[in-house]
Structures are given as C-alpha cells and as structure tokens.
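Structural features, examined
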Amino acid sequence: MAGLSYEEMKKKNEVKALELAEDAKGYCNGVLALSPNNLEATEILVFAEKAYTNANASMAGATTGSLHSENKNKIVWSTKKFPNGPQTANDIKTSFKSGETIYGTAFLSAKLIDRIRPGGTKLYLTIKVDDQKIHFYDPYIAVTEEMKQHSFVHFALVPSLSDDLSLETRDGNKTLKEFNELMTQKGPMSYKISLSFEFSKTNEKIEGSFNYDLSDGSEYSEKITAKLEEAMAGEVKLPEGLMKNAALEAEMLKLVSKYATKGEKYAKPRILSSDWGINKNNLGIITDRTIMTAFVATFPDGHCELQRRIFVQDYAGGGSYSNNLKMLDDPYSPKKMKCENAR
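Anyway, here's the lowdown on the structure attached to this text.

The rules we used
- Residues numbered from 1 in each chain as written.
- Predicted model: local features only at pLDDT ≥ 70, side-chain atom pairs only at ≥ 80, totals over all residues.
- Heavy atoms only, no water.
- Helix = DSSP H or I, 4+ residues; strand = E, 2+ residues; numbered from the N terminus.
- Buried < 20%, exposed > 50% of the residue type's maximum accessible area, 1.4 Å probe, protein only.
- Areas by Shrake-Rupley, 256 points an atom, 1.4 Å probe, with all protein chains shown as cover.
- Contact = heavy atoms within 4.5 Å.
- Pairing = 2+ DSSP bridges.
- Salt bridge = Lys/Arg side-chain N within 4 Å of Asp/Glu carboxyl O.

Side note on the overall build of the protein chain
From N to C terminus, the protein chain includes six helices and 17 strands. Looking at the protein chain as a whole, 39% of its 343 residues are labelled buried. Summed over its atoms, the accessible surface of the protein chain is roughly 19500 Å², and 50% of this surface lies on carbon and sulfur atoms.

Here is the structure:
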C-alpha cells in the first residue's frame, strides 16, 4: 500500500470491508437455506448484516460531505433510495415524472438529536402543491433513535413497490398514503411540490421542492396507494377490552348495527375504557357519562375495518343514569384492517 494517501487507504479498506460483509451474508444465507435452524449461521448473519450496513453508511458519509455542506437546511430529491441516498450533485433531481420513485434527503446543521425535542419521534411536515398548503391529517416523518444520530434525514415520498414501508406506516401514519392518493386525483399536468419542517428551538426551517409531471397518468400513484393501504391494514389489530360487560356489549352491538349505512356487518365489540367518564356542565352539575368502544366492521366487498364509537348515557339524577344508550361516531377512527387480524 506504499504511496497511498490516508484517504485512499481508508476508502480501499472500506470497499474491502463491504465485500467481506457481503460474502459473509451470502454464505450464511446459503447455510440457512439448507439448515434453517443453524444457530451459528443465524448469529453470524446478524453480525454480517450490521457490518454491511455500517460499511455502506461509512462509504456514503465519505462521499456526501460536500453535498451536505452545499445543501445545509435543505431537502434534496432523488430516485436513489436510502440508506445511501444521493451521493453527488448528479444524483439530485428537481423534476420527476409519473412512475418514478421520489426520495428526500434533508441535510441538517447538526445531528437530529440536537435539534429535535427530547423524546420526539416525529418531524411534522407542511406540504404544498403549487404553493397551496394541503391539509392532510397530521403529516409527519417518523423518526427512530438511530435516525437521531445523523445530521441528515432520509425519507420516502413516492417509494418503490418493493420497499419495506413498515416505518412509513407505523402507528397509522397516513402521510404517504394521503400524498399519493392526492396525486391520483390530479389531472395530467405538472405540479410544484414543496415540503418543509421546522426546529422551534433554533428557528431553522428545512425545505425543498420539485416539479412533478403527471402527464403520463396516475397509475403508479394508484399502485403505491394500494400498497400503503395494505401495509397499514396489516398493522391494525383488534384491541383487548378494558371492561367486560356482556349485556352492555350486546346492546352496543345492536345499536351500531342499526345505523349501518353501507351493508357492513359489525362484530367483536370491545370496551376500550376501564370505566365510564363522567361529564359535567359549567356549573359542575353532572350531565351524562361516556365510554369508548371498538368494533370490527366487515363490508360487502370483503374488506374489514376497525371502527370506534362513543356511547353516552344521560344522567337521571340521584346517582343513576338512563338505560337508553346514545351513540356518537368518531370520524377519524375507521382503519382498514386485515380480516384475519380480527379473529
């Protein structure tokens, strides 16, 4: 290695480390294909995958230093997926067409952990189309503890159909679904898309925009929306009830079924409150009591949803309540779920 500079040696070693880690992964996967219960191969595979990721990230960091400094507090866009993301200015794009993947990289002035509030797990977004704010339901980028250790944030906006979208749909995050759903409703034109988020403690605003040409139609957006719906449905589970009352559950089931409007069939009532919540007016006088519930609704087309309802009993005086239940909808509650998750 005589004559090589430190940086050249470092890069050569990183390439070699990446090759060795990739070879180890291939060997372990081969062993596990023949012997799925091989404990040693399983343990080594975990180590090899971690080493491969670290080597990849190290190489990426070495090549994106100037890119970072040139785009500090900006979001840049690329068809290249993380963990590497854009490596050079040539990887950055400012316009995309229907059917292309779109990934964002936000370059920060410091590590995310030094900018986000303690315990924060979300970067709340402002999304604009042609400079008009789109009022999605609570749009955000989900943040992991690992992401907080970097001075950049990689995220997907129009992912690949083969991507793992578990982080993007965690906890029912609808951001990607709502964006791609909106694109399916747009005409075959070009639109300016802008995204931004802010750090209140430093008054920094991180933003970026691109042009999105939908002249070729919205078929890909429809496929992505369907994939996101499927991923979100897989996360929705039937919750355990916090209160058991068979007679009350039967009465609730009867009432919710009475107001079915789309041919859906309700089942599996769950009382999500451990006790009734007592409500009072401004004078401190009890008016009623409420309780939260969940049901599984099965629709004629075969899909299932987890839906919530609030049930109310008026106060009758003397410490007692009316036997007549009243029901309130929770308009944000319906969540598509896999029907097998309701069993």
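Considerations on the environment of Asn341
Along the chain, Asn341 turns up in the segment after strand 17 (335-337). Relative accessible area serves as the criterion here: at 18%, Asn341 is assigned to the buried category. Sequence separation between Asn341 and Leu306 is 35 residues, and the spatial gap between their C-alpha atoms is 10.0 Å. What Asn341 contacts, discounting residues up to four positions off in sequence, is Ala233, Gly234, Val236, Lys237 and Leu238.

Quick look at helix 4 (residues 175-185)
Count 3.6 residues to each turn of an α-helix, and residues three or four apart come out pointing the same way. Across the eleven residues of helix 4, eight count as buried, placing the element largely inside the fold. Taken together, the buried positions of helix 4 are occupied by Thr175, Leu176, Lys177, Glu178, Phe179, Asn180, Leu182 and Met183. Contacts from the buried residues of helix 4 go to strand 5 (126-129), strand 7 (140-142), strand 8 (152-158), strand 9 (190-199), strand 10 (204-213) and helix 5 (219-235).

Some points on the pairing of strand 12 (residues 277-280)
Pairing between strand 12 and strand 13 (residues 286-298): four bridges, direction antiparallel. Residue pairing across strands places Gly277 opposite Thr290, the latter belonging to strand 13.

Some words on the pattern of salt bridges
In total, this model carries twelve salt bridges according to the counting rule given. In this structure, Lys205 engages Glu207 in a salt bridge whose closest nitrogen and oxygen atoms are separated by 4.0 Å. When its relative accessible area of 39% is taken as the criterion, Lys205 is described as partly exposed. Glu207 gets classed as partly exposed once you look at its relative accessible area, which sits at 42%. The closest approach of N and O atoms between Lys223 and Glu219, which form a salt bridge, is 3.6 Å. Pair noted here: Lys223 and Glu219 are both in helix 5, with a separation of four residues, about one helical turn. Judged by its relative accessible area of 53%, Glu219 falls in the exposed class. Through salt bridges with shared partners, one network takes in Lys177, Glu181 and Glu229.

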